[in-house]
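Commentary on secondary and tertiary structure
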Amino acid sequence: MSDVREDVIDAAIASRKGTASSAGEADVREVGICIIGGGAAGLAAALGAYEAGVPAADILIVERETALGGILKQCIHNGFGLHRFDEELTGPEYAQRDIDAVTAAGIPFLLDTTVLSLSQDRTVVCVNAAEGVIRIRAGAVVLAMGSRERTRGMLGIAGDRPSGIYTAGTAQAFVNLRGEIPGKRIVMLGSGDIGLIMARRLTYEGCEVVCVLNRSSFSGGLKRNIVQCLDDYDIPLIFNRTITAVHGDARLTGVTVSHVDPATKKPIPGTEELIACDTLLLSAGLMPENELTRAAGIALDRGTGGAVVDQTFQTSAPGIFSAGNVLHVHDLVDFVSEEGLAAGACAARFMGCTGAGEMPAASQSEKSAVAAGGAPAAGGAPAAAVAGGTQASAAVADEASAAAGGAPAAAVAPTFSAEPDAFITVHGGSGVGAPVPQFIARDSDDDVTIRFRVRGVFEDARLRVLVDGHEVARPKRRIMVPAEMESVTLKAADRIGATTVEIAVEEKEASHE
Amino acid sequence: MSEHEVRRDGAAEAAGSSPTGTVVKQLTCIRCPLGCQLDVTLDTQGQVIEISGYTCGRGKKYGAEEAVCPMRTVTALVNVTGRRMPLSVKTAAPIPKARIGACLDELRGLNVEAPVAIGDVIRADVCGTGVDVVATKNVK
């Protein structure tokens, strides 16, 4: 493993030394496929590209931490890999399988290296202590930056700023990677899976988990985790509660808990109750980490928080692909890997088979961006979110290219707007959140898996797959919950000549929203 | 879900030992997101007499196993001599839920020497369960 890294660093240093005196372009390092992020999605993308025929030496993984594996490193509980490996692994074991495969293939990677910027011409600027600033010009880029947790600020918890308030994942890193506990008497806000897992872990480590509070009336966590992490240890999960104040000077001393009106989702005055605790953990969901993507002017979907992609996981920037939690937040790592493998293979195809004909025409990009973005707006609110994202980002893209001092026009043409009629738009109808991919190329003859989340709990329901308003499939679902990602497969034969696809829930019996 | 809770609360009041010595255990099935509330009736010998509340065969099987002898895979951390990062470990197979505390206690004072590879036995036959605790991480 270390040999590979040294080779990469040596080569990079050599190329830097050789060109140290010459400015600008000469300093650029050429890479076939640059993968940003060495977690589950990035490792899989590297393997996907390699298996599709890209030589290992033409692939480069850039990872900001000191080891590959991403968040799996700290997920020491079991339950990973049932779909992909047909066995239950812990996070570190799951990651090691891909790390071993990447190492065996000789795929190079840079550790402790932070990407500073990305541009639509596939230039990646990164920095590390050994080499300083590294400028990479890639044939294709795969975005695999993952997600991060919602913070106190994002949850709008006002009040004092004592220590002792962490996201559940930060506490997980303390305990599992550093062997330190965050506190002794813990209140959890939000019942996402990381929080549930941490409630059990902290109980194991001798802490008292007082309760888990949940703002809504259903949990975002998996049933198995509620039973095996809370019920097993008699930790109460209390619905329709939130935290309206935190107390403490240097250290947290307690939180004020209020009832939440399920109808208005607002705290009810007069229901406040003080709970003493020295630690508050937040487990209120994940957000794709797309600062680089946004700054590059790549179109984002407000519904998923990730890039808008086509069926090949290609973003609005040609040759830039996105997979895993940075694209949309998954429930299972197995599907993150599946997506990474596919995106890597698509990036390989982009590298290998790109005739000039496959590159979108540049000249009409701006006008058609608006056309492509505007079209789905008629389909409903969720689609409008996509459209909004596309339009807004198209504008940003223009600014970005202007700021860059005129990058080649072809490089910044959003794929989806090259020709307004080249893509089928995919959107979520009743009960369905933002689906991925958002676009399917009309000339694609592949069956396409569309992944999404439902917006409530639905029992004995059906999903409707509507192509231009006509139902082409109506699969049954015994139960659907927001905590689990859903998917449907759209056959190529079912979308010939189509312009829109809509996925919706057809309810038989709704339990509740 | 609120529907289930109401049902569960109602059932909980009726739970406990009946005059005939049978015991009803309330469980939430974890085989799928439905989370069916199962009532498993055990006789005085702890044998299953009746299971209700399930909606599929997998749920019925889960109820029978979970009510008689719930099993869990335990994942934990142990110290590595001279290292800051703890070593993550797991029981190589599920152990009885009632033994989780004893298992953790047995691992707590342990100091492991590096190097360690995934799958290395860190503690054989933990708490006399017949199950080994193995490493889930490589430490060089």
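Here the structure is a predicted model, which means the values were calculated and not measured.

**A few points about the overall build of chain B**
The secondary structure content of chain B amounts to three helices and 11 strands. When the elements of chain B are put in sequence order from the N terminus, they spell out α-β-β-β-β-α-β-β-β-β-α-β-β-β. Looking at chain B as a whole, 30% of its 140 residues are labelled buried. Counting contacts in chain B only where the partners sit at least 6 residues apart, residues at least 24 apart contribute 43% of the total.

**Focus on the sheet that holds strand β15 (residues 252-259) of chain A**
All names here are of chain A. Pairing is antiparallel across the open sheet formed by three strands, whose spatial order is β14-β15-β16. Unpaired on one side and paired on the other, β14 (241-248) and β16 (273-276) mark the two borders of the sheet. Direction aside, neighbouring strands of the sheet carry axes that sit 30° apart on average.

**Here we look at the domain arrangement of chain A**
Residue and element names in this part refer to chain A. Once the domains are mapped, chain A shows domain 1 (2-147 + 289-363), domain 2 (151-284) and domain 3 (423-512). A separation of 34 Å is found between the C-alpha centroids of domain 2 and domain 3. Here the residues of the side of domain 2 that touches domain 3 are counted per class, giving two nonpolar, four polar and no charged.

**Digging into the pairing of strand β12 (residues 208-214) of chain A**
Moving residue by residue along a regular strand, the side chains alternate between the two faces of the sheet. Residue and element names in this part refer to chain A. In the sheet, strand β11 (residues 185-189) pairs with β12 via five bridges, with the strands oriented parallel. Bridging from a neighbouring strand, M188 pairs with V212 of β12. Crossover connection from β11 via helix α6 (residues 193-204) to parallel β12: handedness right-handed. Bridging between β12 and strand β13 (residues 237-239) involves three bridges; their strand directions are parallel. Residue N214 lies in a different strand from β13, and its bridge partner there is F239. Handedness of the β-α-β unit built from β12, helix α7 (residues 223-230) and β13 comes out right-handed.

What counts as what
- Residues numbered from 1 in each chain as written.
- Chains lettered and ligands numbered in written order.
- Predicted model: local features only at pLDDT ≥ 70, side-chain atom pairs only at ≥ 80, totals over all residues.
- Helix = DSSP H or I, 4+ residues; strand = E, 2+ residues; numbered from the N terminus.
- Buried ≥ 20, exposed ≤ 12 C-beta atoms within 10 Å, placed from the backbone.
- Contact = placed C-beta atoms within 7 Å.
- Pairing = 2+ DSSP bridges.
- Axes fitted to C-alpha atoms, helices over the stretch in contact; angles between N-to-C directions.
- Domains from an automatic or database assignment.
- Nonpolar A, V, L, I, M, F, W, Y, C, P; charged D, E, K, R; others polar.
- Right-handed = clockwise from strand over helix to strand, strands pointing away.

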